[in-house]
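# Overview (structure and organization)
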Amino acid sequence: MADDKKFKPFVAAKDFIPEFSLRAIIMGAIFGVIFGAASVYLGLKVGLTVSASIPIAVLAISVFKKLGNASILESNMVQTIGSAGESVAAGVVFTVPALLFLTGGSDYFHYFQIFVLALSGGILGVLFMVPLRRSLIVKEHGNLPYPEGTACADVLVAGEKGGKLAQKVYYGLGLAFLYKLLMSIFGFWKDIPQYIFDRKSVLPNATVNGEITPELLGVGYIIGPKIAGIMVAGGVLSSIVLIPLITMLGDGLAKAFPPETTQLISQMSADDIWDHYIRYIGAGAVTFGGLMTLIKTFPTIISAFRDSFKDLRKKDDSATVEKTRTEKDMPLIYVLVGSLILIVFMSVIPQIPGNVISSVMIVVFGFFFVTVSSRIVGLIGSSSNPISGMTIATLMATSLIFVGIGWTGDHYQPIALVVGSIVCIASANAGATSQDLKTGYILGATPVKQQLGLIIGVLASTVAIGFTLTLLNDKIGIGAITPSHPHPLPAPQATLMATVIKGLLSHNLPWGLVMVGMGISAVMELCDVSSLAFAVGAYLPLSSTTPIFAGGVVKWLVDRKVKTGEPESDIGPGALFSSGLIAGGALTGILVSVLIGTNITGADGKMKTLSDILTFHIGGVPFTDYLTTQIGGFTDLIALGFFTLMAFILYKVAISKQEKL
């Protein structure tokens, strides 16, 4: 173990430079809102998010250079506050939309309830991490690398020397906006080119398609070719293997096959088969994959909790000595009182489904998984943090406790979800908080100011997260396909959480299909393949995983071209450009959803959406429909051509010479 007394931060403890300034707070809050909203959209679309700390740090350096000289600790405060948006958004979109799928849950899916859940979970993640900082960040400095936190510190230190690093992020933002403006708003090319196999073909109902958006291309580049390939493999299994297999076997059945009770398989489209059967197979696969990820890290979990609890019980010898600036944490009494107020508030407020027992569960599961999350990200990074597995474990334990005491009615489904959602949000934000505190420790930031900044970041981003979530649900829908929302966001993680709760509390889960999914994940584990990544791919539409795979292919080509022997760093030109693609594509997607859902009276007196009015028309027909009538399937090739052009631009940027920091 490294001796923390020998460690010298970039800014000495005796030096007092601007840190918790008004401009840093405002800028951090703005970035928190932007990246929080983008993460909500991305999480609902593909069930995952990417870390925002490094892009925010790069942007902070860039903006401060325009505004005038700023201290490195101010830039660190911006990324500290801003990064809370992405982590809280991840926890929210993985769980809270499940209210829409639970009996009576939609009654609670309103802005105020979402705001309270996000705020409570986000603040608990910060507060529970406060007593762990010295144990995990300081005393374990030589043992726990906290990769994102260390990389972010490197970015900020290098940023002191100047440079044009942020240009790549801005270029990505600009390209993503232009691309989606032309595709999704003006409608110059299709956004989902596809090929559907005929029902009488050798692969009946099989569909090969791709949602060719910049944000999914960027995600694929960042996660790399291996994970992207595993994810698309899961999609191939569902769309090109399982759906045609069920179609072929089901066409000869004269009655409905459970869990469907009325519709024959011979009457089902590919979407119907996915909804009635593949969804449960995918749910079983993701559940098993999440639990396996949790089991693999179980030794780390036990040691993390044991070591952290042991350290908390020890008397701090420095308690009687006046602490330096870099040793000052938020007073423990504030942590205890703040946590108690939040828990009591959650148990008594009538607008939130809950009770005393559920509040106790939040405290127990919350502190346990916050400790686990904080230590795991120190070893393997935030991107590999098994938040889904922790949440599934929490929901299963909560549901089984409810069953044990006889709480199996529909009324208890939203209560179980509230426990899981707050624990999920707290765990996700605790992981991000740990990375931020690691960055601050290396730079010489003041911990208590960072902790206050994180709470401000939670508050600012939560305002936007609740608004974005309700907006997307109202304008384009979440989960279920309806006449008013024909192309909703799938919210795969939240749908899974609802399936787990409903199945355990109502005893009507189609266990046969779920066990098939678990078996598929077990096969992947035995083949030494990441079962969770494969399962998420199987659970998502193939249209979501194919562009992610394309991004992974670009990353593979870049690595072959550059041939450095090491993967590109998080501050490489390709990674930063991809971060811009993700943020720009997601934010433009939110704008598109507003245009789709806003109705106004057109010049002809008919009610139209803003999207219909802005779409380019020829002879009163949308341009893509006009092209389809003129050249047929070639419209799909045109769309693929534009997507390929964007991928080529990403490739050229990624192999370009790295700008000096």
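Cut-offs used in this document
- Residues numbered from 1 in each chain as written.
- Predicted model: local features only at pLDDT ≥ 70, side-chain atom pairs only at ≥ 80, totals over all residues.
- Heavy atoms only, no water.
- Helix = DSSP H or I, 4+ residues; strand = E, 2+ residues; numbered from the N terminus.
- Buried < 20%, exposed > 50% of the residue type's maximum accessible area, 1.4 Å probe, protein only.
- Contact = heavy atoms within 4.5 Å.
- Areas by Shrake-Rupley, 256 points an atom, 1.4 Å probe, with all protein chains shown as cover.
- Core = buried A, V, L, I, M, F, W, Y, C linked by side-chain atoms within 4.5 Å.
- Salt bridge = Lys/Arg side-chain N within 4 Å of Asp/Glu carboxyl O.
- Phe/Tyr/Trp six-rings, centres within 6.5 Å; stacked < 30°, edge-to-face > 60°.
- Lys NZ or Arg CZ within 6 Å of the ring centre and 35° of its normal.
- Axes fitted to C-alpha atoms, helices over the stretch in contact; angles between N-to-C directions.
- Parallel < 35°, antiparallel > 145°, perpendicular 65-115°, else oblique.
- Left-handed = near helix turned anticlockwise from the far one by under 90°.
- Nonpolar A, V, L, I, M, F, W, Y, C, P; charged D, E, K, R; others polar.
- pLDDT = per-residue confidence, 0-100.

## Points about the overall build of the protein
Per the secondary structure count, the protein includes 23 helices and 6 strands. Looking at the protein residue by residue over its 661 residues, the buried ones come to 57%. For the protein, restricting intrachain contacts to residue pairs at least 6 apart in sequence, the fraction spanning at least 24 positions comes to 82%. As presented, the protein carries roughly 26,900 Å² of accessible surface, and 66% of it is formed by carbon and sulfur atoms.

## Quick notes on the nonpolar core
The biggest cluster of nonpolar side chains holds 100 residues, and the ones touching the most others in it are Leu 44, Val 92 and Leu 469. Here this core gets 15 residues from one element, more than from any other, and that element is helix 14 (residues 412–443). Not counting residues up to four positions away in its chain, the partners in contact with Leu 469 are Val 40, Leu 44, Val 92, Val 93, Val 96, Pro 97, Phe 109, Ile 114 and Ile 478. If you look at the next biggest cluster of nonpolar residues, it comprises 32 residues, including Ile 56, Leu 73, Val 78 and Ile 81.

## As for the pattern of salt bridges
One pass over the structure, following the stated rule, counts 10 salt bridges. Lys 180 serves as the salt-bridge partner of Glu 215, at 3.2 Å between the closest nitrogen and oxygen. Taken as a pair, Glu 215 in helix 8 (residues 214–250) and Lys 180 in helix 7 (residues 167–185) lie far apart in primary sequence, 35 residues in all. Accessibility assignment for this pair places Glu 215 and Lys 180 in one class, buried. Across the salt bridge formed by Lys 190 and Asp 636, the nearest N and O atoms sit 2.8 Å from each other. Here the residue Lys 190 occupies a position in the loop between helix 7 and strand 1 (194–196), and Asp 636 occupies one in helix 23 (residues 634–655), the gap between them amounting to 446 residues. The exposure class assigned to Lys 190 is partly exposed, which follows from its relative accessible area of 24%.

## Here we look at the packing of aromatic side chains
Evaluation of the coordinates by the stated rule reveals 12 aromatic pairs. Among the aromatic side chains, those forming a connected cluster through ring pairs are Tyr 179, Trp 189 and Phe 642. When the ring centre of Phe 16 is taken as reference, the NZ or CZ atom of Arg 325 above it lies at 5.8 Å. Of note, Lys 555 hangs over the ring of Tyr 221, and the distance from its end group to the ring centre comes to 5.9 Å.

## Things to note about the packing of helix 2 (residues 53–67) against helix 3 (residues 72–95)
Interaxial distance between helix 2 and helix 3 falls to 8 Å at its minimum, and their mutual angle equals 140°. For the element pair helix 2 / helix 3, the angle class is oblique. Helix 3 is crossed by helix 2, and the crossing has right-handed handedness. Side by side, helix 2 and helix 3 meet where Ser 53, Ile 56, Ala 57, Ala 60, Ile 61 and Phe 64 of the first sit next to Glu 74, Ser 75, Val 78, Gln 79, Gly 82 and Ser 83 of the second. Split by residue class, the contact of helix 2 with helix 3 holds 6 nonpolar, 5 polar and 1 charged.

## Considering the confidence of the model for the protein
Mean pLDDT over the protein: 82, with 90% of residues reaching 70 or higher. Predicted confidence for residues 315–320 stays below pLDDT 50, and this span has 1 contact to residues more than four positions away or in other chains.

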